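Below are the chains, spelled out letter by letter.
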Amino acid sequence: MKRIGILTSGGDAAGMNAAVRAIARSAMNAGLEAYGINYGYKGLVEGNIFKMESTKLDEIVNRGGTILYSARYPEFAEKETQLKGIEVLNKFGIEALVVIGGDGSYHGAEKLTMHGFNSIGVPGTIDNDIPGTDFTIGFDTAANVATEALDRINDTATSHQRVFVVEVMGRGAGDIALWSGIAAAADAIVIPEREYDIEAIANKLTENRKNGKDHGLIVVAEGVMTAAEFKEKLDQYGDFDSRAVTLAHVQRGGVPTTKDRVLAARLGDYAIQLLLEGKGGLAIGIHDNKLVATDIIDTLENHKHQTDVSLLDLNDRIRF
Ligand code: ATP
């Protein structure tokens, strides 16, 4: 093998650049050429591809977003478009593709693998919702951003004796809500993986007031409902001076944490080591702090990300 391609796809996540650097550098140091593909699968099909230079890589390690850009390109779900992508890869002499992205992006890599093109998925999404790994690149940074925002909101909630309902990202997975909610001492965390009872939450806030805590913090994952909708429902069960806040895209950007950068370095390098061993068609990840590689087709077709919902019970045991 002489030449590998790298693309980032789906929602951007802090640490994607650190992964790009690790993949490209590890490949170059092993004597391979690394080609960057701009704008995800869209750029792949359009041939927006360039040879990466080793000298330009170290300066991207602390940058959020992705220097390879990202794009939503639903057309790539069609077989014809996937085959066109393989044609372009062949034209550039690229023999293996490393895809950094979330669940949808993994499906693209899976399809390329099914058509015989060696592809490896590196988990890069703030949602932490990919099967085959305990953690995804970008989750730690996003959870830290959310925690910092919740800390700030707690300050004003305390000063004004208000209840804040804060919506964090997570369409299908409540990981950001759980981790930031526990870290910021939330009174309730509402996630898509578990039924919730607004009346019980409201009663708890009322009881808290009687017992000496006159402000509140509720963290809601976006997959459940919006902060505004939750606030409206909550207000039906009590006389709260409540406010709704949506953190939205601030959770995507910013300087990646050390943890995300090191995870990106480990996973990116691992992808190349596996390719050098002649392996491929894999989803790589981290499990119990060890690098793991699983068949990408089996991983996507037969496994689901398991959110650690025991964290919800933990929060119930340690909250006010
Ligand atoms: P995130 O969840 O963090 O936003 P993601 O990778 O899940 O990341 P998606 O928008 O779902 O984001 O997918 C990214 C891209 O992957 C799509 O725009 C499309 O090009 C490709 N893709 C998604 N689903 C499929 C599929 N079933 N088959 C082939 N390609 C797909």
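Residues numbered from 1 in each chain as written. Predicted model: local features only at pLDDT ≥ 70, side-chain atom pairs only at ≥ 80, totals over all residues. Heavy atoms only, no water.

What to know about the overall build of the chain
For the record, the criterion: Helix numbering and strand numbering both begin at the N terminus, where a helix is a DSSP run of H or I of at least 4 residues and a strand a DSSP run of E of at least 2. Atoms counted for the radius of gyration: C-alpha only. Globule rule: 2.2 Å times residue count to the power 0.38. The buried label applies to any residue whose accessible area, calculated with a 1.4 Å probe on protein chains only, is under 20% of its type's maximum; exposed applies above 50%, and partly exposed to all values in between. The accessible surface values rely on the Shrake-Rupley method and a 1.4 Å probe; as for residues, cover is taken only from the protein chains in view. Only four residue types enter the tally: Lys and Arg on the positive side, Asp and Glu on the negative side, with His and both chain ends excluded. Every charge is mapped onto a representative atom, which is NZ of Lys, CZ of Arg, CG of Asp or CD of Glu.
When you go through the chain residue by residue, the secondary structure sums to 11 helices and 11 strands. In terms of overall dimensions, the chain is globule-like: its C-alpha atoms have a radius of gyration of 21 Å, near the 20 Å expected for 320 residues. Overall, the chain is about 70 × 35 × 35 Å in size when its C-alpha atoms are taken along their principal axes. For the chain, with 320 residues in total, the buried portion stands at 52%. When the accessible surface of the chain is summed, it comes to about 13,900 Å², and 48% of that surface belongs to carbon and sulfur atoms. The positive charge centre, built from 33 side chains, and the negative charge centre, built from 45, are 4 Å apart in the chain.

A few points about the UniProt feature "binding site: ATP" (unreviewed entry) in the chain
Operational definition: UniProt positions are given in the numbering used here, feature names are shortened, and annotations may be inferred rather than shown by experiment. Residues count as neighbours in contact if any of their non-hydrogen atoms are within 4.5 Å of one another.
Those places that UniProt annotates as "binding site: ATP" (unreviewed entry) correspond, in this numbering, to Gly11, Arg72, Tyr73, Gly102, Asp103, Gly104 and Ser105. Spatial clustering of the annotated residues is evident: they stretch over 95 residues in sequence, but the largest pairwise C-alpha distance comes to 13.7 Å. Positionally, Arg72 belongs in the loop between strand S3 (49-51) and helix H3 (79-91). Apart from the residues lying within four places of it in its own chain, the contact partners of Arg72 are Gly10, Gly11 and Arg252. Within the secondary structure, Gly104 is located in helix H4 (residues 103-114).

A closer look at the environment of Glu229
Looking at the secondary structure, you find Glu229 in helix H8 (residues 227-235). Between the C-alpha atoms of Glu229 and Asp214, which are 15 residues apart in sequence, the distance is 22 Å.

Regarding the domain arrangement of the chain
So the rule is basically this: In this entry, domain limits derive from an automatic or database-based domain assignment. Using a 1.4 Å probe, buried area is obtained as the accessible area two parts lose upon being combined, added over both of them. Any Lys or Arg side-chain nitrogen located within 4 Å of an Asp or Glu carboxyl oxygen qualifies as a salt bridge. Here a polar contact is taken to be a pair of N or O atoms separated by no more than 3.5 Å, where protein atoms must pair a possible hydrogen donor with a possible acceptor and residues adjacent in sequence count only if both atoms sit in side chains. Polar here means any residue other than Ala, Val, Leu, Ile, Met, Phe, Trp, Tyr, Cys and Pro, which are nonpolar, and Asp, Glu, Lys and Arg, which are charged; Gly is therefore polar.
Domain annotation of the chain identifies domain 1 (3-138 + 256-302) and domain 2 (141-252). Each of domain 1 and domain 2 has a C-alpha centre, and the two are 34 Å apart. On the side of domain 2, 12 residues touch domain 1, which itself brings 14 residues to the contact. Between domain 1 and domain 2 the total buried area reaches about 1,000 Å² when both faces are included, carbon and sulfur atoms providing 49% of it. Linking domain 1 with domain 2 are 0 salt bridges, by the criterion used here. Where domain 1 touches domain 2, the interface holds 6 residue pairs in polar contact (both at pLDDT 80 or more). Across the side of domain 1 that touches domain 2, the residue classes tally to 5 nonpolar, 4 polar and 5 charged.

Let's talk about the packing of aromatic side chains
The line we're drawing: By convention, a stacked pair of Phe, Tyr or Trp rings (six-membered ring in the case of Trp) has centres within 6.5 Å and planes under 30 degrees apart, an edge-to-face pair has planes over 60 apart, and any other such pair is tilted.
By the definition in use, this model includes 6 aromatic pairs. With centroids separated by 6.2 Å and ring planes inclined at 20 degrees, the aromatic side chains of Phe135 and Phe139 adopt a geometry described as stacked. Assessed through its relative accessible area of 25%, Phe135 is described here as partly exposed. Summarising the aromatic geometry, the rings of Tyr196 and Phe230 are spaced 6.3 Å apart at their centres and angled 45 degrees between planes, so their arrangement reads as tilted. Highlighted residues: Tyr196 in the loop between strand S7 (188-190) and helix H7 (198-210) and Phe230 in helix H8, separated in sequence by 34 residues. Given a relative accessible area of 0%, Phe230 falls into the buried group. Three or more aromatic residues joined by ring pairs make a cluster, and in this case those are Phe135, Phe139 and Trp179.

A few points about the site of the ligand
Our working rule: Note on terminology: near, applied to a residue and a molecule or strand, indicates that one of the residue's heavy atoms is within 4 Å of it.
If you check the shell around the ligand, you find 20 residues, and the closest are Arg72, Tyr73, Gly104, Ser105 and Thr125. For the ligand, an oxygen atom lies 3.2 Å from a polar atom in the backbone of Asp103. Contact with the protein chains covers 83% of the free accessible surface of the ligand, which is 620 Å². Counted by class, the shell around the ligand contains 5 nonpolar, 10 polar and 5 charged residues.

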